[in-house]
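Fold and geometry: a report
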2 protein chains.
Amino acid sequence: MTIQEALDQYNSWKFRLSAYEMALSIINIDRMTVAPSDGSAYRDERTAYLSGEKFSIETDPSILPVLDLLIGQPGVDSDIRREAELYRREFMKIHVIPKEEYVAFSKAATSSYDAWLKARQNNDYSIFEPHLKGMIEWQKKLYGYRKSDRPLYEQMLDDYEPGTDIAFYDRFFDRLKERLIPLIQKVQNAEPIDDSFLKQSFPEELQKKWTSDVLLPYLGFTKNWGYQNETEHPFTAWTCENDCRTTTRYEEYNMTAAIFSTIHEVGHAWYEHNVSPKFDGTILSTGISSGMHESQSRFCENYLGRSFPFWKANYTSLQNTFPDQLRDIPLEQFVRAVNASKCGLIRTAADELTYPVHILIRYELEKGLFGGSIPFEQLKEAWNDLYRQYLGVEVPSDCEGILQDVHWSDGSFGYFPTYALGSAFAAQFYHRMREEIAVDNYLERSEYCTCIDWLKTHIHRYGALYPAAKIMELSTGEPFNPGYYLDYLEEKYSRLYYL
Amino acid sequence: MTIQEALDQYNSWKFRLSAYEMALSIINIDRMTVAPSDGSAYRDERTAYLSGEKFSIETDPSILPVLDLLIGQPGVDSDIRREAELYRREFMKIHVIPKEEYVAFSKAATSSYDAWLKARQNNDYSIFEPHLKGMIEWQKKLYGYRKSDRPLYEQMLDDYEPGTDIAFYDRFFDRLKERLIPLIQKVQNAEPIDDSFLKQSFPEELQKKWTSDVLLPYLGFTKNWGYQNETEHPFTAWTCENDCRTTTRYEEYNMTAAIFSTIHEVGHAWYEHNVSPKFDGTILSTGISSGMHESQSRFCENYLGRSFPFWKANYTSLQNTFPDQLRDIPLEQFVRAVNASKCGLIRTAADELTYPVHILIRYELEKGLFGGSIPFEQLKEAWNDLYRQYLGVEVPSDCEGILQDVHWSDGSFGYFPTYALGSAFAAQFYHRMREEIAVDNYLERSEYCTCIDWLKTHIHRYGALYPAAKIMELSTGEPFNPGYYLDYLEEKYSRLYYL
């Protein structure tokens, strides 16, 4: 096989794979947003079949020698070599799984998601519990095919954040605990910030109008490359180049929920949208890791979106949309309120300070569950215990406890820790960005996209070309250091609460 | 091959085919409603590839002996024999086309649709003209593979309405012309009905709210089996069993456009939704012909939706939604206005009386185009001439003329005549339904679905089991007779205009 023959076969394979990926992505977005419920049995069966078709292409044995040739030949362009290495890594992970098992798992994951939705509607974990158990067993079985010596949970962590292990996360979370738990304690004892005005009735129709007329244009998320819909649990997905879909959820009595979820998801959207077009249609046009992805979304949501200059640009129009609710609330008071910290029950509603504790809890639960120290039957109890222990709150209902997150419903274990990691990455990027550009001025002048451009230049454009650690070094000039995150939180919350 | 072996192979083939059909349908619905424009090049290329995959299954030569066995064996269930016959009919039409031509046509049709959209945005036929020419040449080529002795346009007509030919449609349209042209003349000379209040500003947000809160529930189109979105040219599509998607278009200064397009599309939706579940996942679960489909949509739109009792049930809530615009308009005046007849330019905005003339014009254009009497270069002129001749109107712009319909953009020639045919079918059904049930009472009492149930029992449930002519005989006790349509229009418009 010549290099040219290998490249031809490789390009055809990538194209076929991308066609199925696009179809499955559109089907999935549709399912999560608008698809009528009564069609689910038929839809899910066919979707599982198409997943199997994609799997057959992905694991086609004839591609392995092609990938090996492209990786091993010095004459091959280094970007293509990197591409081929990443494809090979994915290939090795999944080609060991029998196709019928893969299809059965896809089906089970869909049913499990549906059961999770139903359990939420009924506020009853017992509806979801057997499916969750099924997902855990499925993952044990599927990972088992890899015959790796590493502990199962460590393999999961490494899938979402290549290069990490339990020791890494233990160190990371220990550092967070050490400084954040006392800080949270101090904040809880300080004079509380009154954010009750945010819990008035804000009609959803008006929230939607403000989001589409003001917020999305400010964020630069325009209809030519993106579309925002609504769903139970907000997410971002891609169907093909220049086509990104985000979702949000409007809550009448919690107006900021949709705002910050929108800023968050559009942060994800910008990441992959900004990858260099020369990687179009390849595995390099995705984000490098979940932690890096979350760093971009949480950067936008918190470091930009909860800042004073962000709201200096946007608050007047929000006040005009909700005059009765916000007329008497000055800008300063609004910004303080959207940053108020309170030990709560819901991860997605958590403030920046307590958020990593929600993640820590999930990390300990997952680690215990797969490490054997938490029996499955005690998972809900363990959840509630850890919330009591770390955040001092009692979980009054399943929806406010173990049923709140979508992730476990389709077997995504090991993802949660990347949220905290991403937040910490973001702090380091933020520190560096502020040294280079006048962030506040841009936000205030409605030039949000200038900040996005900094991220594009230093992070986004690389896509999956370099490992996360290398991107961190390239963009900030030093290795990852969670100290930036802890400093940022201490400084911000000490100032907010006059500590 | 035993019957059981044939059935197994057949069921597997149908299932695989339905999976691709579902994927392509969801991709297409997505594309026509929300997909960001900048992704179209990537999306279209991949979609065309997937169409090719579907084509390969559809035309798999190994299915032909299976179909032949199922058709020829007396031991096979008669429903399955009918299924197999219909699949065979489709197979014979397309298996002669080389796959690469089929894929290239799919791509060209997508580009042509995009060009049509762009041409509309610029009100400039010249942007679309070369694509339209391309679609005509494509169809000539693709039909050429069938090597049929029948004239090309006749083959097209027969594809949309099996059993029809040019002679049939000539007779049909001659009968319409004979009685409708003088009637239209009389109506144009009568005292006009003032419908100017319908052209006030009706904010789109409020139209949407009324549609989702009042109209769709009244029509029985609920979220468990359907979803309505927005698009440039309203349509209805299915993705799988119990999952139907409709679209509409809101116009601020023409509030009734979205209302009647909604009722129309939901009429299509009900047809296939009501097919007997024993035909799920088969070709029998679709409508039998385009004419029969349009008969159901136009039945709902006009025979039910423009009637007095329909609005007796719904007008108050519409008035409450638009108090400033409708407060002083009594119900009787509103219903007269939504039935006002005026020779106009736009087919979809046409009243019931002039509507078939818009179709007649398209029929004559298509027949002339494919028969050779109208050169392609003179198509726009011929369009404008026929509008002058039959409706006495001058076409002031391309958007109000040749660019108004989506159909030709993807090469759907021969479809238009089924709109007039469907309207005429509907009149015969309406006549019979009124003999059997108290239509007006049900509409007035918000029991719209009782009327739908009559359609289900007599038409919908059969799906594609019987030819249209047989369904007409079964449901009305006699063969198709356009006299019912002409009587209905004469009676209705004589009454409305005090002729």
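Basis of the calculations
Residues numbered from 1 in each chain as written. Chains lettered and ligands numbered in written order. Predicted model: local features only at pLDDT ≥ 70, side-chain atom pairs only at ≥ 80, totals over all residues. Heavy atoms only, no water. Helix = DSSP H or I, 4+ residues; strand = E, 2+ residues; numbered from the N terminus. Rg over C-alpha atoms; globule rule 2.2 N^0.38 Å. Buried < 20%, exposed > 50% of the residue type's maximum accessible area, 1.4 Å probe, protein only. Contact = heavy atoms within 4.5 Å. Least-squares fit on C-alpha atoms with pLDDT ≥ 70 in both. Pairing = 2+ DSSP bridges. Axes fitted to C-alpha atoms, helices over the stretch in contact; angles between N-to-C directions. Phe/Tyr/Trp six-rings, centres within 6.5 Å; stacked < 30°, edge-to-face > 60°. Lys NZ or Arg CZ within 6 Å of the ring centre and 35° of its normal. Core = buried A, V, L, I, M, F, W, Y, C linked by side-chain atoms within 4.5 Å. Domains from an automatic or database assignment. Buried area = accessible area lost by both parts, 1.4 Å probe. Salt bridge = Lys/Arg side-chain N within 4 Å of Asp/Glu carboxyl O. Polar contact = N/O pair within 3.5 Å; in protein donor to acceptor, adjacent residues only side chain to side chain. Arc of directions from axis to C-beta. Expected span 1.5 Å × (residues − 1).

Moving on, we come to the overall build of chain A. Helix and strand counts for chain A stand at 21 helices and 3 strands. In terms of C-alpha radius of gyration, chain A reaches 23 Å, essentially the compact-globule figure of 23 Å for 499 residues. Out of the 499 residues belonging to chain A, those deemed buried represent 59%. The long-range share in chain A, meaning contacts at least 24 apart out of those at least 6 apart in sequence, stands at 73%.

Moving on, we get to the relation of the copies chain A and chain B. The operation relating the two chain copies consists of a rotation about an axis and a shift along that axis. Screw-axis analysis of chain A against chain B gives a translation of 0.0 Å along the axis, an RMSD of 0.0 Å, and a rotation angle of 180°. Within this description, the copies of the chain are treated as partners about a two-fold rotation axis. Taking C-alpha positions as the reference, the residue of chain A nearest the rotation axis is Ala23 of chain A, at 3.1 Å. Of all interface residues in chain A, 100% are interface residues in chain B too; the two copies therefore contact each other through one and the same surface.

To continue, consider the sheet that holds strand β2 (residues 236–240) of chain A. In a beta sheet, neighbouring strands are held together by backbone hydrogen bonds and run either parallel or antiparallel to one another. Residues and elements named next belong to chain A. Strand order in this open sheet of 3 strands is β1-β3-β2, and the pairing throughout is mixed. Unpaired on one side and paired on the other, β1 (226–230) and β2 mark the two borders of the sheet. Put simply, the sheet's adjacent strands are angled 25° from each other on average, direction ignored. As judged from the 4 bridges shared by β2 and strand β3 (residues 243–248), these two strands associate in the antiparallel manner. Note that in β3 the partner of Ala237 across the bridge is Arg245. Seen against the sheet, helix α10 (residues 255–273) touches β1, β2 and β3 and runs at an angle of roughly 165° to β3.

A complete count under the given rule lists 89 aromatic pairs over all chains for this structure. Both rings, one in Tyr462 of chain B and one in Tyr466 of chain B, keep their centres 5.1 Å apart while their planes meet at 55°; by these two values the pair is tilted. Tyr462 of chain B sits in the buried class, given a relative accessible area of 13%. We classify Tyr466 of chain B as partly exposed; its relative accessible area is 23%. A cation sits over an aromatic face here: Arg298 of chain A above Tyr355 of chain A, 3.5 Å from the ring centre. The positively charged end of Lys141 of chain B is found above the aromatic ring belonging to Trp138 of chain B, 5.3 Å away from the centroid.

Let us now look at the sheet that holds strand β1 (residues 226–230) of chain B. All names here are of chain B. Read from one edge to the other, the open sheet built from 3 strands follows the order β1-β3-β2, with strand pairing classed as mixed. Looking along the sheet, the strands with just one partner apiece sit at the ends: β1 and β2 (236–240). Put simply, the sheet's adjacent strands are angled 25° from each other on average, direction ignored. In the sheet, β1 pairs with strand β3 (residues 243–248) via 5 bridges, with the strands oriented parallel. In the strand pairing of β3, Tyr227 is matched with Arg245. Of the strands in this sheet, β1, β2 and β3 touch helix α10 (residues 255–273), which is tilted by about 165° from β3.

This part covers unusual backbone geometry. All names here are of chain B. At Lys147, a position not held by glycine, the phi torsion is positive, near 50°. On the secondary structure map, Lys147 appears in the loop between α6 (125–144) and α7 (152–160). Accessibility expressed as a relative area gives 71% for Lys147, which makes it exposed. For Asn242, which is not glycine, the phi dihedral falls at a positive 60°. Relative to the assigned elements, Asn242 resides in the loop between β2 and β3. Of the residues examined, Asn242 reaches a relative accessible area of 29% and is grouped as partly exposed.

Another point: the nonpolar core. One finds Trp311 and Phe334 of chain A together with Trp311 and Phe334 of chain B to be the most contacted residues of the largest nonpolar core, which totals 339 residues. For Phe334 of chain A, the residues in contact, after removing those within four places along its chain, are Phe197, Leu198, Met255, Trp311, Tyr315, Leu318 and Ile329 of chain A.

To continue, consider the domain arrangement of chain A. Residue and element names in this part refer to chain A. When cut into domains, chain A gives domain 1 (3–149) and domain 2 (166–496). Surface buried jointly by domain 1 and domain 2 totals about 3200 Å² across both partners, of which 66% is contributed by carbon and sulfur atoms. Three residues stand out in domain 1 for area buried against domain 2, namely Trp116, Arg120 and Tyr125, and they jointly supply 21% of the buried area on that side. The interface formed by domain 1 and domain 2 holds 3 salt bridges in total. At the junction of domain 1 with domain 2, the criterion picks out 14 residue pairs in polar contact (both at pLDDT 80 or more).

This brings us to the interface of chain A and chain B. Contact with chain A, which involves 38 residues of that partner, is made by 39 residues of chain B. Summed over both partners, the interface of chain A with chain B buries about 3400 Å², with 64% contributed by carbon and sulfur atoms. At the surface where chain A touches chain B, the tally comes to 6 salt bridges. In this structure, Arg43 of chain B engages Asp243 of chain A in a salt bridge whose closest nitrogen and oxygen atoms are separated by 2.7 Å. Linking chain A with chain B are 19 residue pairs in polar contact (both at pLDDT 80 or more), by the criterion used here.

All names here are of chain A. Examined against the element boundaries, Tyr448 turns out to sit in helix α19 (residues 448–458). Considered as a pair, Tyr448 and Leu17 are 431 residues apart in the sequence and their alpha carbons are 35 Å apart. Setting aside chain neighbours within four positions, we find Tyr448 in contact with Tyr218, Leu219, Ile263, Cys300, Leu304, Phe310, Tyr442 and Leu443.

A separate point is the side chain of Gln319 of chain B. On the secondary structure map, Gln319 of chain B appears in helix α12 (residues 308–321). Not counting residues within four places of it along the chain, the set of residues in contact with Gln319 of chain B comprises Leu326, Arg327 and Ile329 of chain B.

Let us look at helix α20 (residues 468–476) of chain B. Residue and element names in this part refer to chain B. Of the residues making up α20, those classed as buried are Ala468, Ile471, Met472, Ser475 and Thr476. Looking straight down α20, one finds its buried side chains confined to an arc of 105°; they lie on one side. Buried residues belonging to α20 abut α11 (290–304), α17 (417–436) and α19 (448–458). Of the residues one or two after α20, Gly477 is the one with positive phi, at around 80°.

One pass over the full model with this rule turns up 84 salt bridges over all chains. Of the charged contacts, one joins Glu90 of chain A and Lys93 of chain A as a salt bridge, the two residues approaching to 3.5 Å between their closest N and O atoms. Here the residue Glu90 of chain A and the residue Lys93 of chain A both occupy positions in helix α4 (residues 78–94), the gap between them amounting to 3 residues, near one helical turn. We classify Glu90 of chain A as partly exposed; its relative accessible area is 30%. Accessibility expressed as a relative area gives 14% for Lys93 of chain A, which makes it buried. Put simply, Asp30 of chain B and Arg245 of chain A hold a salt bridge, and the shortest N to O gap is 2.7 Å. Separated into two different chains, Asp30 of chain B in helix α1 (residues 3–33) and Arg245 of chain A in strand β3 make up a pair that spans both. When sorted by exposure, Asp30 of chain B lands in the same class as Arg245 of chain A, which is buried.

Here we come to helix α16 (residues 379–391) of chain A. All names here are of chain A. With 13 residues, α16 extends 18 Å between its outermost C-alpha atoms, agreeing within 8% with the 18 Å of an ideal straight helix rising 1.5 Å per residue. What α16 keeps buried is the set Leu379, Ala382, Trp383, Asn384, Leu386, Tyr387, Tyr390 and Leu391. Contacts from the buried residues of α16 go to α6 (125–144), α8 (166–189) and α15 (355–371). Following α16 by one or two positions, Gly392 adopts a phi angle in the positive range, close to 65°.

In this section: the pairing of β2 of chain B. In terms of residue burial, β2 of chain B counts as a mostly covered element, since 4 of its 5 residues are buried. Between the antiparallel neighbours β2 of chain B and β3 of chain B lie 2 residues, among them Asn242 of chain B with a positive phi of about 60°.

This next bit is on the side chain of Lys93 of chain B. For Lys93 of chain B, the side chain forms a polar contact with the side chain of Asp159 of chain B, separated by 2.9 Å. If near-sequence neighbours (up to four positions away) are discounted, Lys93 of chain B is found in contact with Arg146 and Asp159 of chain B.

With that settled, the discussion passes to the environment of Thr231 of chain B. All names here are of chain B. Along the chain, Thr231 falls in the loop between β1 and β2. Considering only alpha carbons, one finds Thr231 and Arg31, 200 residues apart in sequence, at a separation of 9.7 Å. Ignoring sequence-local partners within four residues, the contact set of Thr231 consists of Met32, Thr33, Thr247, Thr248 and Arg249. Within the structure, Thr231 has its side chain in polar contact with the backbone oxygen of Met32 (distance 2.6 Å).

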